Structure formats: C-alpha cells, structure tokens
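Residues per chain, in single letters:
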Amino acid sequence: DTAVSQTPKYLVTQMGNDKSIKCEQNLGHDTMYWYKQDSKKFLKIMFSYNNKELIINETVPNRFSPKSPDKAHLNLHINSLELGDSAVYFCASSQVGPVGGKITGELFFGEGSRLTVL
Amino acid sequence: GEDVEQSLFLSVREGDSSVINCTYTDSSSTYLYWYKQEPGAGLQLLTYIFSNMDMKQDQRLTVLLNKKDKHLSLRIADTQTGDSAIYFCAEMDTGNQFYFGTGTSLTVIP
C-alpha cells in the first residue's frame, strides 16, 4: 500500500487553465503539506494543514488553494495557470503531535506530480 | 522561514567516503533530518537526529551535529553508485514547521 499517493503523476496543460492535484495518505497522520520543487531542485513549502490550522507560505500566489475534504486528503487547486507554475509538486504528511508520548515528526512524501504549463 | 544551506554538488569515487554538509540558522530546532531523492522519485527519510544529540550512526551513515555552530553533516562510508542522488537536510522547529536545504547532488564515479 502506498503511504502517500498523488494523482496525476504528470499533467500538461495550457496557460490560463485551472487544474487540481489530489493527495491521499493512509498513515493516519494529522498534518499534510504541499511542496513545490523547481527546476533547480529547490524545495519550498507552500502549505501545511491539519484539522485545526492552515499555514500558508506568504510567497504563494492566491491562485493556489488547498482543499481538504477530510483528514486523509489534501488537494491542491490552481487557477489561471502560468508558465512559472511548471514544477514538480510534492504532497507530504507527518504526525507531529505526540504519539504515545513521543513526537515523531518524520515527513512522508508522495512520488510527486510534474506539472508542465505550455 | 529559516535558512538551511548546503553546497549544491559533490563528486566522489566509488568506495570512498562522502561528506555532505548543512548549516542552519534556527537555534530552536528540535529534529534535524537527512532525506534522499532519487531521479523521478519523492524524498525518502535516510536518518534523523534529535537536537540534544551530537552523533548518530546507522550502518554506513554517520550524522554529526554541532549545535553551537548550527552545522549538520552526513557521512556515507564506502559510497556506492546506488548512493548517487540528491540529499536534503531539513530541520523541524518548535512550531512543527519543516525547512529544507537547497539539496546536494551526489555523483558517485565508478
């Protein structure tokens, strides 16, 4: 069973379109994240979300919005796609609250979704 | 966000040791991590160290933490071609936010 799964793995679309990337985790974690990895492999946090709090990186354009239908899912919706949005988007999850008194904190990543905007 | 810096590239010969370095600015880090990313794949955790530890060894991997200098290193003994990948250091702060380094691309020459 894949712990963190994302779909689609590849997405090619035209500038100006709206698209979504889906993410699901079956680890029972309470926090999920979206990261953007650019062509230089730099990894930047976009959002972190648990059922209590959404933390947004202030550099992320408001064309990007996370949507969480339940604790196991965090989807990424992007409006009016631009050329600069082309990147690999990674979903991740972690259990940062204490489990049995021990805080783990390890991030589990999905395989990534490569978005190409033409 | 916090700054986490790494050198971008490292080349070593097969069988030699590799040392990947990382510096960070957040003095309140709780955990520090090393992740490995192979081509076309997501990041996978290699090892981690709690901030009150100086060293952790796990088979071919040795992590050293100098908290005073905010310096973290990963040593891979007997480096193999399968170790070629991008290695990211990361730190988790007291607010449970993760900050990743720029990544070091390790190339192992046969």
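Structural data are supplied above this passage.
Residues numbered from 1 in each chain as written. Chains lettered and ligands numbered in written order. Predicted model: local features only at pLDDT ≥ 70, side-chain atom pairs only at ≥ 80, totals over all residues. Heavy atoms only, no water.

With that settled, the discussion passes to the pattern of salt bridges. All names here are of chain B. For the coordinates displayed, the defined rule picks out five salt bridges over all chains. As a salt-bridge pair, lysine 36 and glutamate 38 come within 3.2 Å of each other at their nearest N and O atoms. For lysine 36, a relative accessible area of 15% translates into the label buried. Judged by its relative accessible area of 39%, glutamate 38 falls in the partly exposed class. In this structure, the salt-bridge partner of lysine 68 is aspartate 69, at a minimum N-O distance of 3.7 Å. Looking at lysine 68, the relative accessible area reads 73%, which means it is exposed. (Salt bridge = Lys/Arg side-chain N within 4 Å of Asp/Glu carboxyl O. Buried < 20%, exposed > 50% of the residue type's maximum accessible area, 1.4 Å probe, protein only.)

Attention now moves to the sheet that holds strand 6 (residues 55-58) of chain B. Residue and element names in this part refer to chain B. In space, the five strands of this open sheet follow the order 1-3-8-7-6, with antiparallel pairing throughout. Unpaired on one side and paired on the other, strand 1 (4-6) and strand 6 mark the two borders of the sheet. Across the sheet, the mean angle separating the axes of adjacent strands is 15° when strand polarity is ignored. Note that strand 1 and strand 3 (residues 18-24) share three bridges and pair antiparallel. (Pairing = 2+ DSSP bridges. Helix = DSSP H or I, 4+ residues; strand = E, 2+ residues; numbered from the N terminus. Axes fitted to C-alpha atoms, helices over the stretch in contact; angles between N-to-C directions.)

Let us look at the pairing of strand 8 (residues 71-76) of chain B. Residue and element names in this part refer to chain B. As defined by bridge partners, strand 3 adjoins strand 8 across six bridges and the pair is classed as antiparallel. Pairing of asparagine 21 across the sheet is with serine 73, part of strand 8. Note that strand 7 (residues 61-66) and strand 8 share six bridges and pair antiparallel. Residue pairing for strand 8: valine 63 is matched across the bridge by leucine 74.

What follows is about the state of the cysteines. Counted according to the given criterion, the structure contains two disulfides over all chains. Here Cys23(A) is linked by a disulfide to Cys91(A), with a sulfur-sulfur distance of 1.8 Å. What sets the handedness of the Cys23(A) and Cys91(A) disulfide is the S-S torsion sign, and at about -75° it is left-handed. Remark: Cys91(A) occurs in strand 9 (residues 87-94) and Cys23(A) occurs in strand 3 (residues 19-25); sequence separation between them is 68 residues. Its relative accessible area of 1% is what places Cys23(A) among the buried residues. Taking the relative accessible area as the measure of exposure, Cys91(A) reaches 0% and is therefore buried. Put simply, Cys22(B) and Cys89(B) are joined by a disulfide, and their sulfur atoms are 1.9 Å apart. Where Cys22(B) bonds to Cys89(B) through sulfur, the torsion about that S-S bond is close to 60°, and the disulfide is right-handed. Remark: Cys89(B) occurs in strand 9 (residues 85-92) and Cys22(B) occurs in strand 3; sequence separation between them is 67 residues. (Disulfide = S-S within 2.5 Å.)

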